[in-house]
Amino acid sequence: MLRLSVAIADTAALPNTFVVFRGFESSIRKAAALGFGGVELAVKTADDVDRAKSRQWLEESGLQVSCISTGQVYAGLGLSFTDPDPVRRRRIRDIFIGLIELAEEFGQLINIGRARGPIGAAPRDEAESRFIEMARDLCDGAAQRNVTLVIEPVNRYELDFINTLAEGVDLIGKVDRRNLKLMPDVFHMNIEDSSIEGELIRHIDQIAYIHFADSNRLAPGWGHLDFPRLIAALERAGYRGWAAVEILPKPDPDSAARQAVQFLQPIIKSLETRRK
Ligand code: LER
Ligand code: MN
């Protein structure tokens, strides 16, 4: 059975951090009150998270961390795996090592979204080689802490490297580490992939985490993606992981998050009832 989570960040997070709620304590309480089972923590470095307090807030709310997400490492710090500058690559490596330690306690999953970096002006092979070297190194350290890294295909208007699920799977094969997996975001898939259900099912063995947003990046049900159909496909394929709602906080964070749960939960429950 699919579990629902919601993307949150600290109050100090940059305005362009892509989350629904801000402020870890209040966000965790709100997420729990609305009926989410988990929260995705969008961070810049491991220092963003007060571990003792977070542990307490999560315990009190009965929530889990679904994933640590790293978009701000790129959008805020400008660092990425494919950066041609070795000094800057060392900085992002150190940041990810800190995040892996954090994820050992919180969620055991780290996403690599835009932090994988662009191809940019470099020859594709060079950018890819830099990614592969960094990913192998980090995955080897993460494996010792039981942490998995997930690569998120992102649409072409945001990044020129890994847009489709098939490209993600191809790169995962080249990295060749058991703890590097695929993380589809159905908003990006709607732009890039030939079929949402078809590609989710085709690559289901590689999928360890999912982002949900509607076609316009609003809460599910407020755009034109067919969530009943795609959730049924995931359910049939045996996906039992998290679906994290990563949506625009519009018209306001509370309404967006409420719409997401109220729309998705009955779909998930009806499939579960049918399975019994
Ligand atoms: C990150 O999860 C993502 O989907 C990006 O589009 C954020 O800009
Ligand atoms: Mn996403």
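## Quick look at the site of ligand 1
Ligand 1 sits among Phe-18, Arg-114, Glu-152, Glu-158, Asp-185, His-188, His-211, Arg-217 and Glu-246. At 3.5 Å, a side-chain N or O of Arg-114 approaches an oxygen atom of ligand 1. One of the side-chain nitrogen or oxygen atoms of His-211 is found 3.2 Å away from an oxygen atom of ligand 1. About the coverage of ligand 1: the protein hides 91% of its 250 Å² of free accessible area. Classifying every residue of the shell around ligand 1 by side-chain character gives one nonpolar, two polar and six charged.

## A few points about the coordination of the manganese ion (ligand 2)
Only Glu-152 (OE), Asp-185 (OD), His-211 (ND1) and Glu-246 (OE) from the protein coordinate the manganese ion (ligand 2), and they sit 2.0 to 2.3 Å from it. Because the angles between the six donor atoms bound to the manganese ion (ligand 2) fall within 71 to 173°, the donor set is best described as octahedral. Written as a sequence motif, the donor arrangement for the manganese ion (ligand 2) is E-x32-D-x25-H-x34-E. Pair noted here: Asp-185 is in the loop between strand E7 (180-182) and helix H7 (186-192) and Glu-246 is in the loop between strand E9 (242-245) and helix H10 (253-275), with a separation of 61 residues, a long-range link. Across this residue pair, the class does not change: Asp-185 and Glu-246 are buried.

## Thoughts on the pattern of salt bridges
Scanning all chains against the criterion turns up 21 salt bridges. The residue Arg-51 makes a salt bridge to Glu-105 at a minimum N-O spacing of 3.7 Å. On the criterion of sequence distance, the pair formed by Arg-51 in helix H2 (residues 51-61) and Glu-105 in helix H4 (residues 86-105) is long-range, its members being 54 residues apart. Under the relative-accessibility criterion, Arg-51 is labelled partly exposed at 29%. For Glu-105, a relative accessible area of 32% puts it in the partly exposed group. The salt bridge involving Glu-197 is made with Arg-229; its shortest N-O contact spans 3.3 Å. Note that Glu-197 is positioned in helix H8 (residues 196-202) and Arg-229 in helix H9 (residues 227-236), a separation of 32 residues in sequence. Here Arg-229 falls in the exposed class, since its relative accessible area comes to 52%. Through salt bridges with shared partners, a single network forms among Arg-124, Glu-128, Asp-170 and Lys-174.

So, how was this worked out
- Residues numbered from 1 in each chain as written.
- Chains lettered and ligands numbered in written order.
- Predicted model: local features only at pLDDT ≥ 70, side-chain atom pairs only at ≥ 80, totals over all residues.
- Heavy atoms only, no water.
- Near = heavy atom within 4 Å.
- Polar contact = N/O pair within 3.5 Å; in protein donor to acceptor, adjacent residues only side chain to side chain.
- Areas by Shrake-Rupley, 256 points an atom, 1.4 Å probe, with all protein chains shown as cover.
- Nonpolar A, V, L, I, M, F, W, Y, C, P; charged D, E, K, R; others polar.
- Donors = N, O, S within 2.8 Å, 3.2 Å for Na, K, Ca; no water.
- Tetrahedral: all angles 85-135°; square planar, octahedral: opposite > 155°, others 65-115°.
- Helix = DSSP H or I, 4+ residues; strand = E, 2+ residues; numbered from the N terminus.
- Buried < 20%, exposed > 50% of the residue type's maximum accessible area, 1.4 Å probe, protein only.
- Salt bridge = Lys/Arg side-chain N within 4 Å of Asp/Glu carboxyl O.

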